[in-house]
Amino acid sequence: MTSTTTGLPDRYRPIDQVGPDEPTPTGVIQCWRAKDRVLNRDVAIRVHTPAGPAAHAWISRALTAGGLATPALAMVYDASEGTGDPQAPGGAAYVVNEWIDGETLAERLSRGPMPDREVRTVLRRLAEGVAEAHRVGLAVGGLSPENVVLRPNGLVGLRAVPAATGTIDGDIAALGALLEACLTGLAPGSDAHPLSGPSDLLALVRRARSTEPGQGLSSVAAMASLLAERPRTGPGSTSSAHQHRTEPHRDDTDSSWLRRLRDRRPEASPAAAEANIAADGEAVRLDPHTMPPVPRVRPVTQTGAPLSAAALGGDTIDAGSVAPRAGAYAVPPVAPTRRHGAAEEQSWTDRDESFDVLADEGYGEGYGDTGYGGYGGPPTGETDVDDEDGARRHRAVVIGLPLLALIVVIALAWWVGSTVLDVTDSVDEVQGSTPSSSSSADGSAEPGGTAAGAAIPIVTAEVFDPFGDGEPENDGDVPLAYDGDASTAWSTLEYRGSPAFGNLKDGVGLLLDLGESQSLAGVTIDSVSPGATVEIRTADEPADDLDGFTPAADGTVEDGAEFGFDEPVTARFVLVWITGLVQSENGFSADIAEVAVNAAG
């Protein structure tokens, strides 16, 4: 739907009306999708009719919403009460909101109910944004599936902030209605439909929509907090949320986990059970300064006896042969099995004798002589000379590697300088390179171009603006571009933000009509403000779009610049298509002081 709204500042250009009209106690609000010409972005602009004091309450709510910054609510960029004159720029009462792209909740629900997890996420984020508005004393209003938008990045946003009227209790009830709609897939107010879903969400719907004292929700923040909790029950559970908060489930405790693990063990025989009970009944006082018995060394043989010291290595002993010297685990001295069957009692209290046993059994020579840290094994053959040789090799590697890397870098640099740069110089010296089809800015003819003849009279000309919004581009000044007076010129409008027409369109041009098809050699252009970039296009018949004209030349407009064609072109219409603007006083623009079409030789 095309906009006919008036009374807005020139900065905003309405495009399409979106959503139904919103009645207010003093008038009606219409919402439009518009273009912000200054910042080159889409916005939602809402206009209140009538303007002036009738819109004062709504504008005051909008100014309060302007201080909010939450992705769940559309930001307020601008607001004005207006002067009341609908024909004067700025006379309308309006609020400019952030434009939110995405699928509305109503469109999503048309495909059916939403999954429980998605329902919790969407409603929680929306409730958090509404709670932020309530914190500053603003009731949002307008919480309907048509105004809730599911953003492409997974967030949720509410358009039309704020509504004309609203209350905090109304926001709570509206959120409950949205929650019910998400669970049933039906719009609020539709025919009755049985609710189904998690018990906590069903209870939350009832509480949000309840009007009985003490039964409803105290705030939207409480609703957001409940939605953020992890669901504890399935859809068919009947236990209340209070029970879950006050009495944890017994199966979640550590003792229950241990009990279930114990239940999985195979039942022991009665005799073993009685032995365990008897063993548990014997009280044993442990000495904290003694160590428990050490199990036998592994691996063991199939018979359960430990392997011999020869099989395990000379330094390995049977840990069971060493007894604790005191405490609850103390036992009488144990006679370790000797390799030749000899027995010898050892005492843990006699340190020297205990290590002499190791020496006697052949587990390692020198334990008794060298103490705990001595080494009594056979000579290894390593000497200090070997250590010195290793150090010298290490120093040679540390010094040699950087030198080798430096040599490689120098060789690489020499190769680049002697080969690659020489090839580049030879390419620069190649003769006969093909010139551009565009003419140079000083007007000199390029080799191979078409010889230019006399200038062809221009019968008429007009502005060609296929990408414009209907606003004139100084159409009345077009004859100044070919009146023979270089002091007068036609120019484009001024655009802000970018020399590419403010990023609003691809270009604009002058369409020259020569009256009949003729053989053309090129076009000459004079400009008061040189530097703009142009394309020269031709056609035998007028066209409504740019593709209807064939490119013939392009370049930059300088004073007296000649755009010569590579070959003669037969055409009636010549389009001077401007693609880039130059800096002007208040932005960017381009002008054509004189344009002449030259006949072929």
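From a predicted model like this one, the values you see are computed outputs, not experimental measurements. (Residues numbered from 1 in each chain as written. Predicted model: local features only at pLDDT ≥ 70, side-chain atom pairs only at ≥ 80, totals over all residues. Heavy atoms only, no water.)

S.K.: Is there a simple way to think about the overall build of the protein in this case?
M.R.: Regarding its fold elements, the protein presents 13 helices and 20 strands. Going through the 601 residues of the protein one by one, you find that 32% of them count as buried. For the protein, contacts bridging at least 24 residues in sequence account for 67% of all contacts bridging at least 6. Entry remark: accessible area of the protein is about 35,000 Å², with carbon and sulfur atoms responsible for 53%. (Helix = DSSP H or I, 4+ residues; strand = E, 2+ residues; numbered from the N terminus. Buried < 20%, exposed > 50% of the residue type's maximum accessible area, 1.4 Å probe, protein only. Contact = heavy atoms within 4.5 Å. Areas by Shrake-Rupley, 256 points an atom, 1.4 Å probe, with all protein chains shown as cover.)

S.K.: Is there a simple way to explain the nonpolar core in this structure?
M.R.: For soluble globular proteins, nonpolar side chains are generally found buried alongside one another. Counting residues in hydrophobic clusters, the biggest one holds 53 residues, and the most contacted among them are L123 and L175. Beyond its immediate chain neighbours, meaning those up to four positions away, L123 contacts L175, L178, L179, C182 and L227. (Core = buried A, V, L, I, M, F, W, Y, C linked by side-chain atoms within 4.5 Å.)

S.K.: Got a minute to help me understand empty space enclosed by the protein in this structure?
M.R.: Regions of empty space are outlined by a rolling probe, equal in size to a water molecule, passed over the atoms. For the structure on display, the rule yields two cavities of 30 Å³ or more. Empty space within the largest cavity amounts to approximately 40 Å³. Here the lining of the largest cavity is built from residues that sort into seven nonpolar, three polar and one charged. Volume-wise, the second largest cavity comes out at about 30 Å³. (1 Å grid on protein atoms, 1.4 Å probe; cavity = no way out; pocket = protein on both sides within 12 Å on 5 of 7 lines; lining within 4 Å. Points joined across faces, edges and corners; volume = space filled by probe spheres on them. Nonpolar A, V, L, I, M, F, W, Y, C, P; charged D, E, K, R; others polar.)

S.K.: Which parts of the structure should I look at to understand helix α3 (residues 116-135)?
M.R.: Because an α-helix packs 3.6 residues into every turn, residues spaced three or four apart end up facing the same way. For α3, built from 20 residues, the straight-helix expectation of 28 Å at 1.5 Å per residue is met to within 8% by its first-to-last C-alpha distance of 28 Å. For α3, the elements touching its buried residues are β8 (148-150), β9 (156-158), α4 (168-184), α5 (199-209) and α6 (220-228). Downstream of α3 by one or two residues, G137 has phi in the positive range, about 85°. (Expected span 1.5 Å × (residues − 1).)

S.K.: What should I look at first to understand the pattern of salt bridges in this one?
M.R.: Pairing between side chains of opposite charge can happen when their charged atoms approach one another. The full count for this structure, using the stated rule, is 18 salt bridges. In this structure, R111 and E103 form a salt bridge, with 2.5 Å as the shortest nitrogen-oxygen distance. For R111, a relative accessible area of 56% translates into the label exposed. Notably, a salt bridge pairs R120 with D200, separated by 2.9 Å at the nearest N-O pair. Here R120, found in helix α3, pairs with D200, found in helix α5; they are 80 residues apart in sequence, far enough to count as distant. Residue class for D200 comes out partly exposed when judged on its relative accessible area of 26%. By sharing partners, the salt bridges in this structure join R13, R37, D469 and E471 into a single network. (Salt bridge = Lys/Arg side-chain N within 4 Å of Asp/Glu carboxyl O.)

S.K.: Looking at this model, I keep getting lost on a nonpolar patch on the surface. Mind explaining?
M.R.: Residues V397, L401, L404 and V408 make up a contiguous nonpolar surface patch of about 380 Å² in total accessible area. Here V408 shows up in helix α13 (residues 384-428). (Patch = residues over 30% accessible without salt bridge, like charges linked within 9 Å, V, L, I, M, F, W, Y side chains within 5 Å.)

S.K.: Honestly, the packing of aromatic side chains in this entry has me stumped. Any pointers?
M.R.: Aromatic rings considered in pairs are described by the distance between their centres and by the relative angle of their planes. Across all of its chains, the model carries five aromatic pairs by this definition. The rings of F464, F467, F549 and W577 are connected pair by pair, giving a single aromatic cluster. Sitting above the plane of the Y77 ring, R41 keeps its charged end 3.9 Å from the centroid. If you follow R159 out to its NZ or CZ, it ends over the ring of W99, 4.6 Å from the centre. (Phe/Tyr/Trp six-rings, centres within 6.5 Å; stacked < 30°, edge-to-face > 60°. Lys NZ or Arg CZ within 6 Å of the ring centre and 35° of its normal.)

S.K.: Which parts of the structure should I look at to understand unusual backbone geometry?
M.R.: Residues apart from glycine generally show negative phi values, whereas peptide bonds are mostly found in trans. The linkage connecting T49 with the following residue, P50, adopts the cis geometry, with an omega of 5°. With respect to the secondary-structure elements, P50 resides in the loop between β4 (41-49) and α1 (56-65). Of the consecutive residues V161 and P162, the connecting peptide bond is found in the cis state with omega at -5°. Topologically, P162 is positioned in the loop between β9 and α4. A positive phi is found at N40, a non-glycine position, where the angle reads about 55°. As for its placement among the helices and strands, N40 is situated in the loop between β3 (27-36) and β4. Overall, N40 belongs to the partly exposed group, its relative accessible area being 27%. Phi is positive for N474, close to 50°, though the residue is something other than glycine. Within the secondary structure, N474 is located in the loop between β11 (460-464) and β12 (490-491).

S.K.: How should the sheet that holds strand β7 (residues 103-104) be read in this particular structure?
M.R.: In any sheet, the strands associate via hydrogen bonds between backbone groups, in a parallel or an antiparallel arrangement. The three strands lie next to each other as β7-β8-β9, forming an open sheet whose pairing is antiparallel. Because the sheet does not close on itself, it has two edges, and the strands there are β7 and β9. Examined bridge by bridge, β8 and β9 share three bridges and lie antiparallel to one another. Looking at the pairing, V149 lines up with G157 of β9. Contacting β8 and β9, α3 runs over the sheet at an angle of about 45° to β9. (Pairing = 2+ DSSP bridges. Axes fitted to C-alpha atoms, helices over the stretch in contact; angles between N-to-C directions.)

S.K.: It is not clear to me how the pairing of β3 should be interpreted in this structure. Could you clarify?
M.R.: Along any regular strand the residues' side chains alternate between the sheet's two faces. In the sheet, strand β1 (residues 12-17) pairs with β3 via five bridges, with the strands oriented antiparallel. Directly across from D16, in β3, lies its bridge partner R33. Across three bridges, strand β2 (residues 22-24) lies against β3 in antiparallel orientation. Bridge pairing in β3 links P23 to V28. Hairpin connection of β2 to β3: two residues between the antiparallel strands. Two elements, β3 and β4, share nine bridges in a ladder whose sense is antiparallel. Bridge assignment links C31 to a residue of β4, and that residue is R46. Hairpin connection from β3 to β4: four residues lie between these consecutive antiparallel strands, with N40 at a positive phi of about 55°.

Purely spatial values, then, with no claim about function.
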